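Remarks on the overall topology
For reference, the chains in residue letters:
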Amino acid sequence: DIAVIDGDYIRAVSPGSAEMSITGDVGGVAVPDGKFEFTVNENVYDHAEIDVVYDLFFEGGETEISASAYLSDGSKINDRDITYHFESGNTDVATINGTTMKTIKEGEAVITAYVTFNDQELTASETIKVVPVALEKIEAHTEDNVVSAGDFDGSQILVKGINNDGSEADISSAVFTYENL
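This section reports on the structure supplied with the text. (Residues numbered from 1 in each chain as written. Predicted model: local features only at pLDDT ≥ 70, side-chain atom pairs only at ≥ 80, totals over all residues. Heavy atoms only, no water.)

**Side note on the environment of Asp-1**
Residue position: Asp-1 is located in the segment before strand 1 (3-6). For Asp-1, a relative accessible area of 74% corresponds to the exposed category. As a C-alpha pair, Asp-1 and Ser-17 span 16 residues in sequence and 9.9 Å in three-dimensional space. Not counting the four nearest positions on each side in its chain, Asp-1 is found in contact with Val-13 and Ser-14. (Helix = DSSP H or I, 4+ residues; strand = E, 2+ residues; numbered from the N terminus. Buried < 20%, exposed > 50% of the residue type's maximum accessible area, 1.4 Å probe, protein only. Contact = heavy atoms within 4.5 Å.)

**Notes on the nonpolar core**
Tyr-45, Ile-50, Ile-77, Met-101, Ile-111, Val-115 and Ile-128 are the most contacted members of the largest nonpolar core, which has 24 residues in total. Mapped by element, the contributors of at least two residues to this core are strand 5 (45-51), strand 8 (66-71), strand 12 (107-117) and strand 13 (120-131). Of all the elements, strand 12 adds the most residues to this core, at 5 residues. The residues contacting Ile-111, other than those within four sequence positions of it, are Ile-50, Val-52, Ile-65, Glu-87, Ser-88, Ala-94, Ile-96, Met-101, Ala-124, Ser-125, Glu-126 and Ile-128. (Core = buried A, V, L, I, M, F, W, Y, C linked by side-chain atoms within 4.5 Å.)

**Some thoughts on the sheet that holds strand 9 (residues 83-88)**
Taken together, the 4 strands give an open sheet; going across it, the order is 6-13-12-9, and neighbouring strands pair in mixed fashion. Two strands bound the open sheet, and with one partner strand each, they are strand 6 (56-58) and strand 9. The sheet shows a mean angle of 30 degrees between the axes of neighbouring strands, taken without regard to direction. In terms of strand pairing, strand 12 meets strand 13 through 11 bridges, oriented antiparallel. (Pairing = 2+ DSSP bridges. Axes fitted to C-alpha atoms, helices over the stretch in contact; angles between N-to-C directions.)

**Some words on the sheet that holds strand 11 (residues 100-103)**
Spatially, 7-11-10 is the arrangement adopted by the 3 strands of the open sheet, whose pairing is antiparallel. The open sheet terminates on both sides in strands that have one partner only, identified here as strand 7 (62-64) and strand 10 (94-97). Across the sheet, the mean angle separating the axes of adjacent strands is 25 degrees when strand polarity is ignored. In terms of strand pairing, strand 10 meets strand 11 through 4 bridges, oriented antiparallel. The residue bridging Ile-96 from the neighbouring strand is Met-101, located in strand 11.

**Details of the pairing of strand 13**
Here 3 bridges tie strand 6 to strand 13, and the two strands are oriented parallel to one another. Bridging from a neighbouring strand, Phe-58 pairs with Val-131 of strand 13. The turn joining strand 12 and strand 13, which pair antiparallel and follow one another in sequence, is formed by 2 residues; a positive phi near 50 degrees is taken by Asn-118.

**As for unusual backbone geometry**
Excluding glycine, residues mostly have negative phi values, and the peptide bonds linking residues are mostly trans. One non-glycine residue with positive phi stands out, namely Val-53, at about 70 degrees. For Val-53, the location among the structural elements is in the loop between strand 5 and strand 6. For Val-53, a relative accessible area of 49% corresponds to the partly exposed category. The phi dihedral of Asn-118 falls on the positive side, at around 50 degrees, and the residue is not glycine.

**Let's talk about the layout of surface pockets**
Looking at the largest pocket, its volume works out to about 620 Å³. Around the largest pocket, the lining comprises 24 residues; the ones closest to its centre are Ala-12, Val-40, Leu-71, Phe-117 and Asn-118. At the level of elements, strand 2 (9-12) and strand 4 (29-40) are the ones that each hand at least two residues to the lining of the largest pocket. Looking at side-chain class alone, the lining of the largest pocket contains 12 nonpolar, 7 polar and 5 charged residues. (1 Å grid on protein atoms, 1.4 Å probe; cavity = no way out; pocket = protein on both sides within 12 Å on 5 of 7 lines; lining within 4 Å. Points joined across faces, edges and corners; volume = space filled by probe spheres on them. Nonpolar A, V, L, I, M, F, W, Y, C, P; charged D, E, K, R; others polar.)

**Things to note about the pairing of strand 12**
Here strand 9 runs beside strand 12; their pairing, made up of 6 bridges, is antiparallel. Paired with His-85 across the strands is Tyr-114, a residue of strand 12.

**A word on the pattern of salt bridges**
Counting across every chain of the model gives 2 salt bridges. A salt bridge links Asp-79 to Lys-76; the shortest N-O distance between them is 2.7 Å. Its relative accessible area of 43% is what places Lys-76 among the partly exposed residues. (Salt bridge = Lys/Arg side-chain N within 4 Å of Asp/Glu carboxyl O.)

Rendered as structure tokens:
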């Protein structure tokens, strides 16, 4: 057999070409037969790839990761035809639960995907680096952009901190010094 029909999918069995037919009915009325050619190429499962999106992450974050499989001609194998799972080489730095990677603390970890296609397992790995979340900058503005002369109540200066991961920093205990430039 070159290929077998499995529901509404064609599953490749061995290299070659075959003619397939389809029959059916609509509301009890027979539909004319349809025929089509199908070719199974000689490409083999060549490599797997892991997608962790970035290689630099912040402590305490979570991100989805995935994997893909490719044939020797470079074509991607359909995701429904592969299975995969992941492992972290350093669970003190990053852990994996299904397809969710959680970063724990500063350091490096090798994340490995084990990807199976047609009972053949290949691996792909990527090293990630986890860095601490830290205050990157402060931003300040006044409550009112314009203050009238003689307004001694003035306008409050509002300050917020921005971390290197883009989140707002807790600067509630910070002490600021203000001066005119």
